[in-house]
Amino acid sequence: ARAPRRQRRREMTRRAAARASTSAAKAEATAKTLDTTRKHTILMLSDFFLPSVGGVELHIYALAMRLRARGHKVVIFTHAYGTRVGVRWITNGVKVYHAPRVVMYDNCTFPNFLGAFKLFRKACIREGVTVVHAHQGCTFAHEGILYARTMGMKCVFTDHSLFGFADVGAIHTNKLLDMTLADTQHVICVSHTAKENTVLRSGYLLGGEPGLAPERVSVIPNAVDSTMFTPDVSRRAKGRITVVVTSRLMYRKGIHLLAGVIPRACRAHANLDFLIAGDGSMRGHLEKAVSDAGLDSRVTILGHVPHDGVADVLRRGDIFLNASLTESFCIAVLEAASCGCLVVATAVGGVPEVLPEDILFLAKPDVQSLLDALDRCLVALPNADVDTIHKRVKANYNWDDVARRVELVYARAHDTHDTHMGRFFRIYRRGVVFGKMLWCVSAVARVWLRMLEWLEPANSIELALDFGDDDKACDENNTNHRAVVKVSKRARKV
């Protein structure tokens, strides 16, 4: 019985390799025929957005700004933050819906199943949404894609993190992600390592019905605002070498490794200082390690620093140190390099893909390896030119290029064709038990949509005015509104 099973696995692996080898050529050929000039109304979904600050939040904000500058309308749908409830406008006419939701942990909201469907549907119709773009595997992303696909809309999902496969939480999270990815037209990952992780988590090659095929995944890295993160050597301490750390002070960021590196590095190099910006659960552990080593005068812990102050902190450093245990991309490394710093980082996740080896010095996630990488970086430091490093980062990582590539993904999503019955069949085959459960959830969502359409028809919902409220904006909004009403009517017929 084992021999046929091994043969089947070999055959599936061979087919996957052949499919992956031709995916790039297919993607290039498809890109030439896609309409990338179409202007969309994009609804971005996530539990993570401003005023909370993090990699996902800043990515959504920066991408929304660039897409808006390229002529698209962008609406962000997230949960309320304190008294920040309702609809608000932010920079450049991006509208934000702060929906009232219960936050459980780390900005993730309590699952609401179909409770938010009415508000979501009304927002999509009012704004004339043509593409739903969910970010990160959070509650809002999973529910929003379920709602959007039930309405017959096109969906794109961006995965920003790496997850495991062995622990109980990861197993359940991956099963939920399996449904979301099976119901999404296209997926974006921020690194090739993240792409591999996402494809495997989707159950690809683990059953008769493949999960997320690699050709449905595009790798689009993060970027950095090179006008904000600029070098300034006058801010550096004369006669000293400053190692900068900007990170949440928590276990996942390797703070226990940092606590071991600092005393030994300071003993080995008398002209070395540390500047640490960030806060978190392990701040007390780090402060105790510094105090026990008698390094209070050489190690400065600033605590929480607003994002608009991070660039000033990085300009004061010669070397940036990142000791994370897991990273999908690590945008902090880009920000530091854009400010002219050499970078010492653990070789985890997608970090080795970010910068070339003459700027990025990699180490294993242990204290001795980090010290060795720091020594190599100190040797290369006198020959490092901050302006050259900044120009290289600026040329390779900019938000205009990211927005252009995301537009291509939206065009690919709109180039796909599907039916509601085909969608139900695909979901039904996602597992012997779980697939049937997901099918029931999708069926109930479909019935609830029909009830909402009967209670409040799409053509009775008032249009929302676009930013500026001029004739052209109103015409574009009316066109998108008619498209959403048309999709709603088509979904009612299927």
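See the structure above.
Below, the structure is looked at part by part. On a predicted model such as this, the values are computed, not experimentally measured, just so you know.

## Regarding the nonpolar core
And step 1. Met44 and Leu355 are the most contacted members of the largest nonpolar core, which totals 136 residues.
And step 2. The element best represented in this core is helix H7 (residues 255-268), accounting for eight residues.
And step 3. The residues contacting Met44, other than those within four sequence positions of it, are Ile60, Leu63, Ala64, Leu67, Val74, Val75, Ile76, Phe77, His133, His135 and Tyr410.

## Describing the sheet that holds strand S11 (residues 241-246)
And step 1. Spatially, S13-S12-S11-S14-S15-S16 is the arrangement adopted by the six strands of the open sheet, whose pairing is parallel. The open sheet has two edge strands with one neighbour each: strand S13 (299-303) and strand S16 (360-363). Averaged over all pairs of adjacent strands, the angle between their axes in this sheet comes to 20°, without regard to strand direction.
And step 2. Across the sheet, H7 is in contact with S11, strand S12 (272-277), S13 and strand S14 (319-322); its angle to S12 comes to roughly 155°.
And step 3. Running at roughly 160° to S13, helix H8 (residues 283-292) makes contact with S12 and S13 of the sheet.

## Observations concerning the packing of aromatic side chains
What describes a pair of aromatic rings is the distance from one ring centre to the other and the angle between the planes of the rings.
And step 1. Counted under the stated rule, the structure contains seven aromatic pairs.
And step 2. In textbook terms, an aromatic cluster arises when at least three aromatic residues are bridged by ring pairs, as seen for Phe77, Tyr97, Phe117, Phe120, Phe140 and Tyr147.
And step 3. Sitting above the plane of the Phe140 ring, Arg101 keeps its charged end 4.8 Å from the centroid.
And step 4. In this structure, Lys436 packs its charged tip against the face of Tyr428, placed 4.5 Å from the ring centre.

## Let's talk about helix H2 (residues 55-69)
And step 1. Under the 1.5 Å per step criterion, the end-to-end length of H2 is 21 Å for 15 residues, consistent within 8% with the ideal 21 Å.
And step 2. Counting buried positions along H2 yields 11 of 15 residues, so the element is predominantly enclosed.
And step 3. If you check which residues of H2 are buried, you get Val56, Glu57, Leu58, His59, Ile60, Ala62, Leu63, Ala64, Met65, Leu67 and Arg68.
And step 4. Its buried side turned inward, H2 meets strand S1 (41-45), strand S2 (73-79), strand S3 (86-90), strand S4 (94-99), strand S7 (131-135) and helix H13 (399-414).
And step 5. Gly71 lies just past H2 and shows a positive phi near 100°.

## A short note on the pattern of salt bridges
And step 1. In this structure the tally under the stated criterion is 23 salt bridges.
And step 2. In this structure, the salt-bridge partner of Arg235 is Asp312, at a minimum N-O distance of 3.0 Å. Of this pair, Arg235 sits in the loop between strand S10 (217-219) and S11 while Asp312 sits in helix H9 (residues 310-315), and the two are 77 residues apart along the sequence.

## Re the environment of Val56
And step 1. Mapped onto the elements of the fold, Val56 is located in helix H2.
And step 2. As for Val56 and His135, which are separated by 79 residues in sequence, their C-alpha atoms are 7.6 Å apart.
And step 3. Setting aside residues no more than four positions away along its own chain, Val56 makes contact with Ser46, Phe48, His135, Gln136 and His160.

## Section: the packing of helix H4 (residues 139-150) against helix H5 (residues 168-182)
And step 1. Here H4 crosses H5 at 35°, and the two axes come no closer than 10 Å. Two packed elements cross with a definite hand, and for H4 against H5 that hand is left-handed. The segment H4 lies against H5, with His142, Ile145 and Leu146 engaging Leu176, Leu177, Met179 and Thr180.

## Looking at the sheet that holds S1
And step 1. If you trace the eight strands from one edge of the open sheet to the other, you get S3-S4-S2-S1-S7-S8-S9-S10, paired in mixed fashion. Among the strands making up the open sheet, the edge pair consists of S3 and S10. On average, each strand axis in the sheet is inclined to that of its neighbour by 25°, with strand direction left out of account.
And step 2. One ladder, built from four bridges, connects S1 with S7; its direction is parallel. Bridge assignment links Leu43 to a residue of S7, and that residue is Val132.
And step 3. Those strands touched by H4 are S1, S2, S4, S7 and strand S8 (154-159), and its axis lies near 165° from that of S8.

Parameters at a glance
- Residues numbered from 1 in each chain as written.
- Predicted model: local features only at pLDDT ≥ 70, side-chain atom pairs only at ≥ 80, totals over all residues.
- Heavy atoms only, no water.
- Core = buried A, V, L, I, M, F, W, Y, C linked by side-chain atoms within 4.5 Å.
- Buried < 20%, exposed > 50% of the residue type's maximum accessible area, 1.4 Å probe, protein only.
- Helix = DSSP H or I, 4+ residues; strand = E, 2+ residues; numbered from the N terminus.
- Contact = heavy atoms within 4.5 Å.
- Pairing = 2+ DSSP bridges.
- Axes fitted to C-alpha atoms, helices over the stretch in contact; angles between N-to-C directions.
- Phe/Tyr/Trp six-rings, centres within 6.5 Å; stacked < 30°, edge-to-face > 60°.
- Lys NZ or Arg CZ within 6 Å of the ring centre and 35° of its normal.
- Expected span 1.5 Å × (residues − 1).
- Salt bridge = Lys/Arg side-chain N within 4 Å of Asp/Glu carboxyl O.
- Left-handed = near helix turned anticlockwise from the far one by under 90°.

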